[in-house]
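Summary of the model geometry
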Amino acid sequence: LLDREESEFLAFCDTLEILPDPDAEPYMQATVGPFEFLRPCDWEYYVPESEEAIRLPIGFVIGPNQEAKCEMGIAVDGDKASPISVVNQWREEDGLPPYSEDQFAALPEQVRMGSRGRWIEYEADGMTLFGVVSQLASGGHAPMTVIASLRGPTATVTSEKVLFRAFAETIRLRPAQPNGNAPH
């Protein structure tokens, strides 16, 4: 019987595929500077260019052709570091008008690390920005605005939004050191 069925069995085996485990987490734990977070495994690190107003930038390239970028950091330059200022700087870079205080206040809100954050999403010239800004004053740190953004072609950003949102929701600042200094 086995000899007779061998060719059928081998043909069946040729059709089998090993697929990724749908129950496995697609994230890995990471600690960079003062941040702890879970990042998607297929996001690759890169060092983003940074303005003086953004400290400790961390970046990832995303997509099959690395056409989208995720960046995070801490905005620390006085009035320019407020959440609305950061968002309006993004909009200015994309040729869009700034949000008014009322428009900014109407953005979706999320509590992160004990502070309120705002989710931002807009499209300009076939590119989409999806991001979150949150002003923090916890864990022994001075007030600061933590930012995370995903920017790139709309199709890529749309396909990565769920992973980005999960990533952004895991961002934590490590506690300040016992002497009161931040870990950076």
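Just above sits the structure.
Here is a short report on the structure shown in this document. Every residue gets a number counted from 1 within its own chain, in the order that chain's sequence is written. Totals for whole chains, interfaces and linings use every residue, but because this is a predicted model, local features are given only for residues with pLDDT of at least 70 and side-chain atom pairs only at 80 or more, for both listing and counting. Excluded from the side-chain calculations are hydrogens and water; all other atoms, namely the structure's heavy atoms, are used.

**Side note on the overall build of the protein chain**
- Runs of E in the DSSP output that reach at least two residues are strands. Runs of H or I that reach at least four are helices, and both are numbered from the N terminus. For the protein chain, the count of helices and strands is four helices and 10 strands.
- Along its sequence from the N terminus, the protein chain presents helices and strands in the succession α-β-β-β-β-β-α-α-β-β-β-β-α-β.
- Taken over 184 residues, the protein chain has a buried fraction of 39%.
- Two residues form a contact once any of their heavy atoms are found within 4.5 Å. Counting only contacts in the protein chain whose residues sit at least 6 apart along the sequence, the fraction spanning at least 24 positions is 48%.
- The Shrake-Rupley method, run with a 1.4 Å probe sphere, supplies the accessible areas, and residue values consider only the shown protein chains as cover. When the accessible area of the protein chain is evaluated, it comes to approximately 11,000 Å², of which 52% is carbon and sulfur surface. Note on classification: 1.4 Å probe, protein chains only; a residue is buried when its accessible area is under 20% of the maximum for its type, exposed when over 50%, partly exposed between these limits.

**Considerations on the pairing of strand E9 (residues 144-153)**
- Across the 10 residues that make up E9, a large majority, eight, are buried.
- Note that strand E5 (residues 68-75) and E9 share seven bridges and pair antiparallel. By the bridge assignment, Glu-71 is partnered in E9 with Ser-149. Any two strands with at least two DSSP-identified bridges between them are counted as paired.

**Notes on unusual backbone geometry**
- Phi angles above zero are rare outside glycine, and Gln-66 is one such case at about 55°.
- Structurally, Gln-66 is set in the loop between strand E4 (54-62) and E5.

**Focus: the side chain of Thr-145**
- One can find Thr-145 in strand E9.
- Residue classification places Thr-145 among the buried residues on the basis of a relative accessible area of 0%.
- Excluding anything up to four places from it in sequence, Thr-145 contacts Gly-73, Ile-74, Ala-75, Ala-81, Ser-82, Pro-83, Val-86, Val-133, Ser-134 and Gln-135.

**With respect to helix H4 (residues 154-170)**
- Here the expected length of a helix is defined as 1.5 Å per residue gap, with one fewer gap than residues. The end-to-end C-alpha distance of H4 is 24 Å, a good match for the 24 Å that 17 residues give at a rise of 1.5 Å each.
- Where H4 bends most, at Lys-161, the angle is about 55°.
- Turning to H4, its buried residues number three or more, namely Thr-156, Val-157, Glu-160, Leu-163, Phe-164, Phe-167 and Ala-168. Two axes enter the definition of the bend at a residue: one is fitted to the seven residues ending there, the other to the seven starting there, and the bend is the angle between them.

**Description of the nonpolar core**
- With 27 residues, the main nonpolar core has Phe-35, Phe-37, Phe-164 and Phe-167 as its most contacted residues.
- Broken down by secondary-structure element, the contributors of at least two residues to this core are strand E1 (27-32), strand E2 (35-40), E4, E5, strand E8 (127-136), E9 and H4.
- Considering each element in turn, this core owes the most residues, five residues, to H4. To form a nonpolar core, buried Ala, Val, Leu, Ile, Met, Phe, Trp, Tyr and Cys residues must be joined to one another through side-chain atoms within 4.5 Å.

Interpretation note: all reported values are geometric properties and have no functional meaning in isolation.
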